[in-house]
Amino acid sequence: MDFIQANLPYLLAGISVGGQYALISIGYTMVYGILRLINFAHGDIFTVAAFFAVYLSATMPLIVSLPLTVVLTVVLGFVVERVAYAPLREAPRMSIMISAIGVSYLLQNLMWYITGGLAKQYVTIPWISSSVTLWGTTTKMVTLVTPVLTIILVVVLVQLINHTKIGMAMRAVSKDFETAKLMGIKIDAVISITFVIGSFLAAVGSMLYFSNYTAVTPLAGAMPGLKAFVAAVFGGIGSIPGAVVGAFIIGISENLLKAVGLTAFSDAFTFALLIFVLVFKPTGLFGEATTDKV
Amino acid sequence: MKAFKIILSLLLVASAVALIVFVGGALGNPDDVIARLDADNLAATDSKLQKARDRALESAQAGDREKTLRNIDRYVEGFGDQLELGGQNRLDLFFYRHGPSLIAVSIVVIVAAAALLVSALDSRGRYRKAAIYALLIVLLYAGIYIVENLAGASSMLMTVLKKGAIYALIAVSLNLLNGFTGLFSLGQAGFMLIGAYTYAIFTIATENRAQVYQYYNGGLVQFSLPPLVALVLAGLAAAFFASLVGLPVLRLKSDYLAIATLGFAEIIRAIFQYDGLGPLTNGSNLLRKFATFDSALFPFAVAGVCIALIAMLIHSTYGRAFKAIRDDEVAAEAMGINLFRHKQMAFVISSFFAGVGGALLAMFQTTVQASAFKSSMTYELLLIVVIGGMGSITGSVLASFLFIASSEWWLRFLDNTQMIGDFQVPLLRSGFRMVVFSAIIMVVVLFYRRGIMGDKEFSLKRLSQRFRRKGESRNA
Amino acid sequence: MPEHILQLKDITMQFGGVVAVDSLSLYVDEGEIVALIGPNGAGKTTAFNCVTGVYKPTNGQVSYRGKLIVSNHPQGKMKTLYAGSDKDKYTQVLEPTPDKITALGIARTFQNIRLFKTQTVFENVLIAMHLHRTSNLFTATLHLNSKEEKQHHQRALELLEAVNLLDQKDELATSLPYGMQRRLEIARALATKPQLLLLDEPAAGMNPQETDTLSAFILDIKQQFKLSVFLIEHHMDLVMDISDRIYVIDFGKLIAHGTPAEVQDNPDVIRAYLGVEE
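The following paragraphs examine the structure supplied in this document.

So, how was this worked out
Residues numbered from 1 in each chain as written. Chains lettered and ligands numbered in written order. Predicted model: local features only at pLDDT ≥ 70, side-chain atom pairs only at ≥ 80, totals over all residues. Heavy atoms only, no water. Pairing = 2+ DSSP bridges. Helix = DSSP H or I, 4+ residues; strand = E, 2+ residues; numbered from the N terminus. Contact = heavy atoms within 4.5 Å. Salt bridge = Lys/Arg side-chain N within 4 Å of Asp/Glu carboxyl O. Polar contact = N/O pair within 3.5 Å; in protein donor to acceptor, adjacent residues only side chain to side chain. Nonpolar A, V, L, I, M, F, W, Y, C, P; charged D, E, K, R; others polar. Buried area = accessible area lost by both parts, 1.4 Å probe. Buried < 20%, exposed > 50% of the residue type's maximum accessible area, 1.4 Å probe, protein only. Right-handed = clockwise from strand over helix to strand, strands pointing away. Axes fitted to C-alpha atoms, helices over the stretch in contact; angles between N-to-C directions. Phe/Tyr/Trp six-rings, centres within 6.5 Å; stacked < 30°, edge-to-face > 60°.

### Some thoughts on the pairing of strand β2 (residues 131-134) of chain A
All names here are of chain A.
Link 1 in the chain: Looking at chain direction, β2 and strand β3 (residues 137-140) are connected through 4 bridges and run antiparallel. Residue pairing in the sheet places Ser-131 in a bridge with Lys-140 of β3.
Link 2 in the chain: In this structure, the hairpin formed by β2 and β3 is closed by a connection of 2 residues, where Trp-135 is found at a positive phi of approximately 45 degrees.

Structural data, given as structure tokens:
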């Protein structure tokens, strides 16, 4: 009982962080499924969302600022795709990945410029940020809300993909880009919607993630972003349930590592896991194998 | 014509040697100047001037030319109009100040003469290219030396040149992978870290170890290696890690390779910061007091040799195999090229030079800390490679200097608030430089995807051809 | 009896539930030109890829001059999924990568031309010389192998002359017209010093006149370089013209085998190509 008592906070934190990673990693996995692109800027969009919330809430009530944050983040994701990725549709894959790295660099520098490189106090969202005691452990409400909200959003998303026309188009494009194009699917629209959904989830994830912390810095999202990507690979890139499962596994195990005193290696562990998966099961937990034609 | 060339070259050598002898004599010491100044007037009345004079003498004896000159200048300026330097003094000072530059010029003249001699005797033109290259190289290094003497070793120009040369080496090593072999690797920062730490750990002077490793009882390593040995060791350590890392990851396809190498770099960073390895790595604390360099000639020489080696590799049969893998893996394999072995080769070699580059960077910074080698460092290097042109060595070199010069120097003004009269120029404040800078990079990535050089190399032949073609079209 | 230069035994290639090549056995003798024909999707290129190491066959063996070079039997998931025949005939596993096969003396061309696209015609051939280098990384980097390098350059030029591409040597490989690209691919394959040449649809996309020239060209290089040739082709004129023997497959299965005349009159072949007559 003592053991559980001592480790419960870490487990709860792990589940919570896992849910937040899940929301980010869906953006990675959907974009990868369709464009075969690691969207290196996704983690930065997640951070920008936090700054939107900070700056908007300074001038308007939360009930306005938070929805507006989501809208602006979605617009940002859409614009990034249009400006930095769409022109490179026919270019080699390396070019578009480099463009993603460039966008990430630009967003980071922009955030640094606007904040002056200082950490900003994150907004306190009522109820979500309030404390709650559970089996003798005090934690924030967000810890309990995150997994529930994540699962609701994922279920909605999976329904959307499996049962709507646009979802069908998405599946078609991710299966075979060229053929989908020939079949008259509006590729650009599908890609835009993918980015919109990804950014929406990143914005929600950002609110939950940063509610756990007091402050946000321009580079705060880089590491969670990378980890969310690892989660997507771990689960089998292109698969939404895979990304979610992967994210929870990573979130929980890195927090348990902290519980046993290996905090210095919690980041390294994630990457070690990544390499392990890539080497022994490159398709991840739920991914599909593809063969190259010669 | 031949006789004329021979005579001219001999004359040039003679005059250069004369100059060296003369300058060498005059270089001697500034004691005479100071003594003569003392005699001329004016035993310094002001205590400050007196101090400058004493310091000048002191540093002249210690052989610190730069300091001597600074103090003589201060001394002379201190008198203002009262002091008229005599002709002899001016001459002596001039030679003392510019002597090394003059010797550098003489050496260039001698090499030029030798090149001329070669062109005169070598009727078949076999050594012409070698002679021209030798001349250009000597010209480059002499130029750097002279500029350093004029501008001072710690001037902004020299800082940019030093860092630019180091980045050039690392960018070229990354280009070997990304541009020439088509392996999208993002692990360069990790290998630089290994190089930087290996170098630093093995060159901290024994007497300083207790101080540097104050939390770890003076550390584990209790000896120091000569800098050049440590530099090679830095490369070897990075190459060794690369060969281990390469075994699993090089079988992965493009973007998986990118994320796996990125992950490895992060793991390496975590390991080097790990407290348990403190006696070796000093944990998350700084490493300092290791051997460094003063003159830009050192990084230029090391980077120059390394880049030349990479260029020679790329122009060998192995380089052709790398390019074949980049162009079409399946076809390359069908032509009998062992994919894994050649990828591993490129990866290990690239990491070796990244390690050497990391060591140079540590020397440049004089301190080193693992937390600085983040993935953003690799991103920066990748952007340099893209700006220069994937698959162009000269492009990477050019882009490195441009990148460093812009980020450290030319765009600095964007970070300072500027006033025009009462009007404050909008936007300009700390951080704006990097915003503009990254926006420029995005423009290059999106609209000039081939970068400065594409996959072509800068060469005199191409340049002269281009000029000739321009001339022709103008005549037509 | 002299050994076959190439022999396939019960080669089966199964992708998931699809059997692309089903228990294919055939051989090529020294100095022969042998053709493998069949309708689209019959599994010809797949069979090729099993020989050259691009695919690991699910079952079966390949030998080169009597020496076993490729061998496999259904393993792992395939053990239950396997739909081909000769399931328990082989136990050995031998899976060389394509470069090993090339090093043995088997070179190939590709159906959808795969030249090194950023390289010139000359460099394309030169790259294939890499296989027969004697220099190592150090001697090559320090350019201590200039003698060998010169020999390679010389041989590349000779090969380009043999395929009549000397005038185009400094052009970008992909800027050549289609027919020349095909010839360049053959020159590149020859640079690996093969004894057996595998041609994957060498006449694809050519008009009848070009095909005639190609027939003569194949015969010519076969003579000149003392080759055996194994080819896949759709152009029946070319196949009938130059082949010593022909194998016909349909849906991965061998349906006929013989001299051009024999195959031409085989009712199974006619049915496969023209469909069943009512």
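### Observations regarding the interface of chain A and chain B
Link 1 in the chain: Across the boundary between the two partners, chain A contributes 42 residues, which contact 46 residues of chain B.
Link 2 in the chain: Inspection of the region where chain A meets chain B yields 0 salt bridges.
Link 3 in the chain: At the surface where chain A touches chain B, the tally comes to 3 residue pairs in polar contact (both at pLDDT 80 or more).
Link 4 in the chain: Looking at the side of chain A that touches chain B, the elements that each hand over two or more residues are α3 (62-85), α4 (93-115), α9 (222-235) and α11 (266-280) of chain A.
Link 5 in the chain: In terms of residue class, the side of chain A that touches chain B is built from 35 nonpolar, 4 polar and 3 charged.

### Considering the interface of chain C and chain B
Link 1 in the chain: Contacts between the two partners involve 30 residues from chain C and, on the opposite side, 28 residues from chain B.
Link 2 in the chain: Of the roughly 2,600 Å² buried between chain C and chain B, counting both surfaces, carbon and sulfur atoms make up 60%.
Link 3 in the chain: Three residues, Phe-116, His-130 and Leu-137 of chain C, lead the burial of chain C against chain B; their summed loss comes to 22% of the area buried on that side.
Link 4 in the chain: Along the contact surface separating chain C from chain B lie 2 salt bridges.
Link 5 in the chain: With its nearest N and O atoms 2.7 Å apart, the salt bridge here joins Arg-114 of chain C to Asp-328 of chain B.
Link 6 in the chain: Linking chain C with chain B are 12 residue pairs in polar contact (both at pLDDT 80 or more).
Link 7 in the chain: Counting residues per element, the ones that place at least two in the side of chain C that touches chain B are α3 (98-104), α4 (121-128), α5 (137-141) and α7 (178-190) of chain C.

### Describing the pairing of strand β8 (residues 228-232) of chain C
Each regular strand carries side chains that alternate between the two faces of the sheet.
Residue and element names in this part refer to chain C.
Link 1 in the chain: Among the 5 residues of β8, 5 are classified as buried, and the element is accordingly described as predominantly covered.
Link 2 in the chain: Here β8 shows no split at all, with Ser-228, Phe-230 and Ile-232 on one side and Val-229 and Leu-231 on the other all buried.
Link 3 in the chain: As judged from the 4 bridges shared by strand β3 (residues 33-37) and β8, these two strands associate in the parallel manner. Residue pairing for β8: Ala-35 is matched across the bridge by Leu-231.
Link 4 in the chain: Judged from the 5 bridges that link them, strand β7 (residues 196-200) and β8 form a sheet pairing that is parallel. Looking at β8, one finds that Asp-200 is bridged to Ile-232.
Link 5 in the chain: In this region the chain leaves β7, passes through helix α8 (residues 208-225) and returns to the parallel neighbour β8; the handedness of that crossover is right-handed.

### Details of the sheet that holds strand β1 (residues 6-15) of chain C
Residue and element names in this part refer to chain C.
Link 1 in the chain: Spatially, 4 strands are ordered β2-β1-β4-β5 in an open sheet, and the strand pairing comes out antiparallel. At either margin of the open sheet sits one strand with a lone partner, and together these are β2 (18-28) and β5 (67-72). Ignoring which end each strand starts from, the neighbouring axes of this sheet average 15 degrees apart.
Link 2 in the chain: Contacts from helix α1 (residues 44-52) reach β1, β2, β4 (59-64) and β5, with the element oriented near 115 degrees to β1.

### As for the packing of aromatic side chains
Link 1 in the chain: If you walk through the whole model with that rule in mind, you get 23 aromatic pairs over all chains.
Link 2 in the chain: For the ring pair Tyr-197 of chain B and Phe-272 of chain B, a centre distance of 5.1 Å and an interplane angle of 70 degrees mean the geometry is edge-to-face. Taken together, the residues Tyr-197 of chain B in helix α8 (residues 188-203) and Phe-272 of chain B in helix α11 (residues 254-273) connect sequence positions 75 residues apart.
Link 3 in the chain: For the ring pair Phe-15 of chain C and Tyr-55 of chain C, a centre distance of 5.3 Å and an interplane angle of 80 degrees mean the geometry is edge-to-face. Highlighted residues: Phe-15 of chain C in strand β1 and Tyr-55 of chain C in the loop between α1 and β4, separated in sequence by 40 residues.

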